[in-house]
Amino acid sequence: MNSILERYLISDQVCIITGGAGLLGKKHAEAVLAGNGIPVLLDISDEALQKAQKELCERYPEAKIECFKADITKEEELVAIRETLLDRYGHIDILINNAANNPKMEEKSANLGNIRFDNFPMDIWMGDIAVGLTGAFLCSKVFGKAMEDQKKGVILNISSDLGIIAPDQRIYRKDGVKEEDQTIKPVTYSVIKHGLLGLTKYLATYWANKNIRVNAICPAGVENGQNEEFMKKLTNLVPMGRMANVEEYQCTVLYMISEASSYMTGSTVIIDGGRTCW
Ligand SMILES: NC(=O)c1ccc[n+]([C@@H]2O[C@H](COP(=O)([O-])OP(=O)(O)OC[C@H]3O[C@@H](n4cnc5c(N)ncnc54)[C@H](O)[C@@H]3O)[C@@H](O)[C@H]2O)c1
């Protein structure tokens, strides 16, 4: 067996990261590069993808970094990427299901606003589920096929603390705003993040005899320029009294996609400053 530190290396392993050009996707890519792996960023945003590629190439000039503009809700696009990667490398080792329509406090997200549950629009429901759940299902299906053929692979699903607990809608409230105009976290976020834990357990057991491990992490909110009032309300719910730093999930990600976690499958690792204990 390799030494303890060597077991964290994923040298020359091909690691697909969906939503790879987003805030956390880029950080997962850095974790892959730190382990000597080859990150493959899939993202629907061409602009974000180009920016991410530039940033990563500047920081890791020697590294192989693959970027594909792709909509993970389109199976045929995923199949084409799988075939390209298999032609180029002969193997696909790791999949991180990370993409989601992530409702953000600091930006005006389409699915975060005065959308009450009783008038939640069908198109937002369908759009969120398509990316967060169907996308993870399709990527697992398409890239998992290569892993099945190789009899080797690792899948990591990015859930959330809101895959464990319900959102506390009080932290999004603003004084003096009418009830029907208050911002709430959308129902889709809870459904998707809980659903990913179901997908994790299903696939972990389904593929256990194919040497494919499937796990999930539940990260909590990352500090990223949110307003002070919101931060205060949120951090009050966190025993450690703060949000996460954007780099605080990287070591866990590398642990979970490498041999370091070789006996772990079907597990959910919560990284939330203690929030779900309260
Ligand atoms: N940021 C946080 O505080 C936080 C906390 C807990 C969990 N998470 C989870 O971590 C993951 C990443 O979050 P983030 O903050 O980096 O979000 P982000 O919005 O910055 O990144 C998501 C990326 O997914 C891409 N994407 C959207 N639809 C796509 C599609 N159909 N096909 C391909 N790519 C698509 C977007 O273009 C974007 O680059 C999400 O699943 C989120 O729910 C984030």
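Source: prediction; values computed, not measured.

Focus on the overall build of the chain
Line of reasoning, step 1. Looking only at helices and strands, the chain features 7 helices and 7 strands.
Line of reasoning, step 2. Taken from the N to the C terminus, the helices and strands of the chain come in the order β-α-β-α-β-α-β-α-β-α-β-α-α-β.
Line of reasoning, step 3. A compact globule built from 278 residues should have a C-alpha radius of gyration of about 19 Å, and the chain, at 19 Å, falls within 12% of that.
Line of reasoning, step 4. Along the longest, intermediate and shortest principal axes, the C-alpha atoms of the chain span 60 × 40 × 40 Å.
Line of reasoning, step 5. Taken across its 278 residues, the chain has 49% of its residues classed as buried.
Line of reasoning, step 6. Nonlocal contacts in the chain, meaning residues at least 24 apart in sequence, comprise 78% of its contacts between residues at least 6 apart.
Line of reasoning, step 7. Working note: accessible area of the chain is about 13700 Å², and carbon and sulfur atoms make up 53% of it.
Line of reasoning, step 8. Here the chain contributes 31 positive and 37 negative side-chain charges, whose respective centroids are spaced 3 Å apart.

Considerations on the packing of helix α1 (residues 23-34) against helix α2 (residues 46-59)
Line of reasoning, step 1. Direction vectors running N to C along α1 and α2 enclose 30°, while the axes themselves pass 11 Å from each other. With respect to their mutual orientation, α1 and α2 come out roughly parallel. Along this stretch, α1 crosses α2, giving a crossing that reads as right-handed. Where α1 abuts α2, its residues Lys26, Lys27, Ala29, Glu30 and Leu33 lie against Lys51, Ala52, Glu55, Leu56 and Arg59.

Observations concerning the environment of Val154
Line of reasoning, step 1. Note on placement: Val154 falls in strand β5 (residues 153-158).
Line of reasoning, step 2. A sequence separation of 111 residues divides Val154 from Thr265, and the C-alpha atoms of the two residues are 9.1 Å apart.
Line of reasoning, step 3. In this view, Val154 contacts Asp93, Ile94, Leu95, Met147, Arg213, Met256 and Ile257; residues no more than four positions away in its chain are not counted.

Structural notes on empty space enclosed by the protein
Line of reasoning, step 1. Evaluation of the coordinates by the stated rule reveals 2 cavities of 30 Å³ or more.
Line of reasoning, step 2. Considered as a void within the structure, the second largest cavity measures approximately 40 Å³ in volume.
Line of reasoning, step 3. Forming the boundary of the second largest cavity are Thr18, Ile72, Asn97, Asn98, Ala99, Val131, Gly132, Gly135, Ala136, Ile158, Lys193 and Leu196.
Line of reasoning, step 4. Counting only elements with at least two residues in the lining of the second largest cavity, the list comes to α4 (122-150) and α5 (187-206).
Line of reasoning, step 5. Broken down by element, the residue count for the lining of the second largest cavity peaks at 4 residues, all from α4.
Line of reasoning, step 6. Here the residues of the lining of the second largest cavity are counted per class, giving 6 nonpolar, 5 polar and 1 charged.

Thoughts on the site of the ligand
Line of reasoning, step 1. Around the ligand lies a shell of 26 residues, among which Leu24, Asp43, Lys104, Tyr189 and Lys193 are the nearest.
Line of reasoning, step 2. For the shell around the ligand, the elements supplying multiple residues, two or more each, are α1 and α5.
Line of reasoning, step 3. Of the residues that constitute the shell around the ligand, the class distribution is 14 nonpolar, 8 polar and 4 charged.

Some points on the packing of aromatic side chains
Line of reasoning, step 1. Per the counting criterion, the structure on display carries 4 aromatic pairs.
Line of reasoning, step 2. Centre to centre, the rings of Tyr202 and Tyr206 are 6.0 Å apart; their planes meet at 15°, and the pair counts as stacked. With Tyr202 and Tyr206 both in helix α5 and 4 residues apart, this pair spans about one turn of that helix.
Line of reasoning, step 3. Look at Tyr206 and you get partly exposed, because its relative accessible area is 49%.
Line of reasoning, step 4. An aromatic cluster of three or more residues is present, and its members are Tyr202, Tyr206 and Trp207.
Line of reasoning, step 5. Across the ring face of Tyr189, the terminal group of Lys185 is positioned such that the distance to the ring centre comes to 4.8 Å.

The rules behind the values
- Residues numbered from 1 in each chain as written.
- Predicted model: local features only at pLDDT ≥ 70, side-chain atom pairs only at ≥ 80, totals over all residues.
- Heavy atoms only, no water.
- Helix = DSSP H or I, 4+ residues; strand = E, 2+ residues; numbered from the N terminus.
- Rg over C-alpha atoms; globule rule 2.2 N^0.38 Å.
- Buried < 20%, exposed > 50% of the residue type's maximum accessible area, 1.4 Å probe, protein only.
- Contact = heavy atoms within 4.5 Å.
- Areas by Shrake-Rupley, 256 points an atom, 1.4 Å probe, with all protein chains shown as cover.
- Lys, Arg positive; Asp, Glu negative; His and termini not counted.
- Charge placed at Lys NZ, Arg CZ, Asp CG, Glu CD.
- Axes fitted to C-alpha atoms, helices over the stretch in contact; angles between N-to-C directions.
- Parallel < 35°, antiparallel > 145°, perpendicular 65-115°, else oblique.
- Left-handed = near helix turned anticlockwise from the far one by under 90°.
- 1 Å grid on protein atoms, 1.4 Å probe; cavity = no way out; pocket = protein on both sides within 12 Å on 5 of 7 lines; lining within 4 Å.
- Points joined across faces, edges and corners; volume = space filled by probe spheres on them.
- Nonpolar A, V, L, I, M, F, W, Y, C, P; charged D, E, K, R; others polar.
- Near = heavy atom within 4 Å.
- Phe/Tyr/Trp six-rings, centres within 6.5 Å; stacked < 30°, edge-to-face > 60°.
- Lys NZ or Arg CZ within 6 Å of the ring centre and 35° of its normal.

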